[in-house]
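# Architecture at a glance
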Amino acid sequence: MAAKGEILELKRNSSSSNNWDRIVNEVVKIEKRLFPKHESLARSFEEELRKKNTGLLYLELDGEVVGYVMYSWPSSLCASITKLAVKESCQRQGHGGSLLRAAIQKCRERKVQRVSLHVDPLRAPAMNLYKKSGFQVDSLIKGYYSSDRDAYRMFLDFDAD
Ligand SMILES: CC(C)(COP(=O)(O)OP(=O)(O)OC[C@H]1O[C@@H](n2cnc3c(N)ncnc32)[C@H](O)[C@@H]1OP(=O)(O)O)[C@@H](O)C(=O)NCCC(=O)NCCS
């Protein structure tokens, strides 16, 4: 069991497949509660996770998964944050910010210059968090999630080291 409030990485070749199953099940449970079907990865989470160049960080509190962030780096050119969520009862305690920072750090280690993401403009908490973390709006993508749900594409550029 993880120490209190630890951000961990889900390992593909985890020695215990039970751990993989448990984490994925808990993540999918949160995913189902927080996202409508058209935005949810609940049905394809495992498939997404098994893709090359995709990572998942999760936050465990007292042995329970309470938040997660998924990210991917399709090439050395760019990376994206593909999911971020914190269980309702644990929101507004800084966990979303911690998970996002940890994922940004993982992307930085991949030597990419830019991290991008999509967010529904109606998701005010997420918009605030992304702006506060330095992301800027690139453009509005009409009908991104469904015919009547748009998305902002946002990006964060790293300074050249
Ligand atoms: C977005 C989300 C992950 C934030 O998680 P969280 O643990 O509550 O975030 P934090 O406590 O770290 O808050 C960080 C910042 O986010 C913003 N924020 C978080 N909740 C907010 C709210 N209810 N209203 C307005 N701003 C909010 C604030 O800027 C906050 O900083 P502050 O506390 O200094 O004001 C969480 O609200 C969530 O899971 N939402 C549903 C899923 C979702 O929308 N995911 C993003 C999809 S792209």
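Everything discussed here concerns the structure shown above.
In this report, the structure presented in the accompanying data block is examined. Bear in mind the structure is a predicted one, so any value in this text is a computation, not a measurement.

Below, the discussion takes up the side chain of D150. Within the secondary structure, D150 sits in strand β7 (residues 149–157). Among the polar contacts made by the side chain of D150, one reaches the side chain of K142 at a distance of 3.4 Å. In terms of polar contacts, D150 uses its side chain to reach the backbone amide nitrogen of G143, at 2.9 Å. Beyond its immediate stretch of four places on either side in the chain, D150 contacts V119, D120, P121, L140, I141, K142, G143, Y144 and Y145.

The next point concerns the packing of aromatic side chains. Counted by the stated rule, this structure contains 4 aromatic pairs. Look at F45 and Y68: their rings are 5.8 Å apart centre to centre, the planes differ by 85 degrees, and that puts the pair in the edge-to-face class. Here F45, found in helix α2 (residues 45–50), pairs with Y68, found in strand β3 (residues 64–75); they are 23 residues apart in sequence, far enough to count as distant. Seen in terms of ring centroids, Y130 and F135 are 5.8 Å apart; in terms of plane orientation they differ by 65 degrees. Their pairing is edge-to-face. Overall, the relative accessible area of 4% leaves F135 in the buried class. The cationic tip of K83 hangs over the ring face of F35; the distance from NZ or CZ to the ring centre is 3.5 Å.

About the criteria used
For every chain, the first residue of the written sequence is number 1, and numbering continues from 1 onward in sequence order. Per-residue local features of the predicted model are confined to residues with pLDDT of at least 70, and side-chain atom pairs are confined, for both listing and counting, to 80 or more; whole-chain, interface and lining totals are unaffected and use all residues. The side-chain quantities take in all heavy atoms of the structure and omit both hydrogens and water. Helix and strand assignments come from DSSP, with helices taken as H or I runs of at least 4 residues and strands as E runs of at least 2, each series counted from the N terminus. In protein, a polar contact requires one atom able to donate a hydrogen and another able to accept it; more generally it is a pair of N or O atoms within 3.5 Å, and residues adjacent in sequence count only if both atoms are side-chain atoms. We call two residues in contact when some of their heavy atoms are within 4.5 Å. The rule is short: rings of Phe, Tyr and Trp, with Trp giving its six-membered ring, pair when the centres are within 6.5 Å, and they are stacked under 30 degrees, edge-to-face over 60, tilted in between. Partly exposed describes any residue whose relative accessible area lies between the buried limit of under 20% and the exposed limit of over 50%, with all areas from a 1.4 Å probe on protein chains only and scaled to the type maximum. Throughout this description, the term charge over a ring refers to an Arg CZ or Lys NZ atom that lies within 6 Å of the ring centre and within 35 degrees of the ring normal.

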